[in-house]
Amino acid sequence: MALLLPTVAVETLLDVTPELLASMGVDTVLLDVDNTLAYHGSQEPFPGTVEWTHELRSRGFRVMILSNNFAKRVAPFAEKYDLPFLSFSIKPLPIAYFRAIHKLGARREKAVVIGDQVFTDVVGANLSRMKSILLTPRGEEKGFSIRVRRTLERPVRRRIARQSEKKGGDV
Ligand SMILES: [Mg+2]
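All of these numbers come straight from a predicted model, not from anything done at the bench.

Within the chain, the secondary structure is distributed over six helices and six strands. Order of helices (α) and strands (β) in the chain, N terminus to C terminus: β-α-β-α-β-α-β-α-β-α-β-α. At 15 Å, the chain has a C-alpha radius of gyration in line with the 16 Å of a compact globule built from 171 residues. Considered along the principal axes of its C-alpha atoms, the chain spans approximately 40 × 35 × 30 Å. Within the chain, buried positions represent 46% of all 171 residues. If you take every contact in the chain between residues at least 6 apart in sequence, the share linking residues at least 24 apart comes to 65%. Split by element, the accessible area of the chain, about 8,700 Å² in all, is 56% carbon and sulfur. Distance between charge centroids for the chain: 7 Å, based on 26 positive and 19 negative side chains.

Below you can see the structure in the form of structure tokens.
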């Protein structure tokens, strides 16, 4: 189970404050795209998320987009944020995580992966020994494989919810 558990779980990206990141001891943020910055396949950023990345960068955080989707989808999207990116990352394999860290001149111990999926974003972060923040999925999800993954995620999300209740707040 430890491989499946994020360091922290919150609702949306905007719940991830610079203070939260600082309390986690990170200075580098690797961002998922689909269901993290926008609805799956949409080129329309979730409201406030462009400003969120600008704010982090103005405070000295390194920020990069790390997506399993294709360059055709990710490149124009990353341009809207003016962020460097890696597409077709094959998360949860650690290769792209380490490439991102190398490109940013960052350190693994000070990096956090933010995304909406346990079996890609979180597992990859744990395999790469990075921290992770799991977001709550948004919007309707129609594909067969995503629905299977969401079903498999359920025990993990239940566990997070129980831990959160015990602590009286976020994990
Ligand atoms: Mg995603």
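Taken together, the side chains of Arg-154, Arg-158, Arg-159, Arg-162 and Lys-166 define a basic patch exposed on the protein surface. Note on placement: Arg-154 falls in helix 6 (residues 144-167).

To continue, consider the coordination of the magnesium ion. All of the protein donors around the magnesium ion are Asp-32 (OD), Asp-34 (O) and Asp-116 (OD); their distances to the metal are 2.1 to 2.2 Å. Between consecutive donors of the magnesium ion, the numbers of intervening residues give the motif D-x1-D-x81-D. In this pair, Asp-34 is assigned in the loop between strand 2 (28-31) and helix 2 (49-58) and Asp-116 in the loop between strand 5 (111-115) and helix 5 (118-127), connecting sequence segments 82 residues apart.

Strands sit in the order 1-6-5-2-3-4 across an open sheet of six strands; the sheet is parallel. Both edges of this open sheet fall to strand 1 (8-9) and strand 4 (85-86), since each of them pairs with a single strand only.

What follows is about the pairing of strand 3 (residues 62-66). Counted residue by residue, strand 3 has four buried out of five residues, so it is predominantly covered. By the bridge criterion, four bridges tie strand 2 to strand 3 in an arrangement that is parallel. Residue pairing across strands places Leu-30 opposite Met-64, the latter belonging to strand 3. Pairing of strand 3 with strand 4, which is carried by two bridges, proceeds in the parallel orientation.

Quick look at helix 2 now. Among all positions in helix 2, only Thr-49, Val-50, Trp-52, Thr-53 and Leu-56 are buried. One side of helix 2 carries all its buried residues, which in axial view fall inside an arc of 160°. For helix 2, exposure combined with an orientation more than 90 degrees from the buried face picks out Glu-51 and Ser-58. Next to the buried residues of helix 2 lie helix 1 (18-23), strand 2, strand 3, helix 3 (71-81) and strand 5. Of the residues trailing helix 2, Gly-60 is marked for its positive phi of about 95°.

Further remarks concern the layout of surface pockets. Estimates place the volume of the largest pocket at around 450 Å³. Every residue lining the largest pocket is counted, 24 residues in all, and those nearest its centre are Asp-34, His-40, Gln-117, Ile-146 and Arg-149. Only helix 5 and helix 6 provide two or more residues apiece to the lining of the largest pocket. The residue inventory of the lining of the largest pocket, partitioned by class, reads five nonpolar, 10 polar and nine charged. What the second largest pocket holds in volume is close to 160 Å³. Considering the residues around the second largest pocket, the lining is formed by 10 residues, among which Ala-9, Val-10, Glu-11, Thr-136 and Ile-160 are closest to the centre. At three residues, the largest contribution of residues to the lining of the second largest pocket is made by helix 6. Here the residues of the lining of the second largest pocket sort into six nonpolar, one polar and three charged.

Rules and cut-offs
Residues numbered from 1 in each chain as written. Predicted model: local features only at pLDDT ≥ 70, side-chain atom pairs only at ≥ 80, totals over all residues. Heavy atoms only, no water. Helix = DSSP H or I, 4+ residues; strand = E, 2+ residues; numbered from the N terminus. Rg over C-alpha atoms; globule rule 2.2 N^0.38 Å. Buried < 20%, exposed > 50% of the residue type's maximum accessible area, 1.4 Å probe, protein only. Contact = heavy atoms within 4.5 Å. Areas by Shrake-Rupley, 256 points an atom, 1.4 Å probe, with all protein chains shown as cover. Lys, Arg positive; Asp, Glu negative; His and termini not counted. Charge placed at Lys NZ, Arg CZ, Asp CG, Glu CD. Patch = residues over 30% accessible without salt bridge, like charges linked within 9 Å, V, L, I, M, F, W, Y side chains within 5 Å. Salt bridge = Lys/Arg side-chain N within 4 Å of Asp/Glu carboxyl O. Donors = N, O, S within 2.8 Å, 3.2 Å for Na, K, Ca; no water. Pairing = 2+ DSSP bridges. Arc of directions from axis to C-beta. 1 Å grid on protein atoms, 1.4 Å probe; cavity = no way out; pocket = protein on both sides within 12 Å on 5 of 7 lines; lining within 4 Å. Points joined across faces, edges and corners; volume = space filled by probe spheres on them. Nonpolar A, V, L, I, M, F, W, Y, C, P; charged D, E, K, R; others polar.

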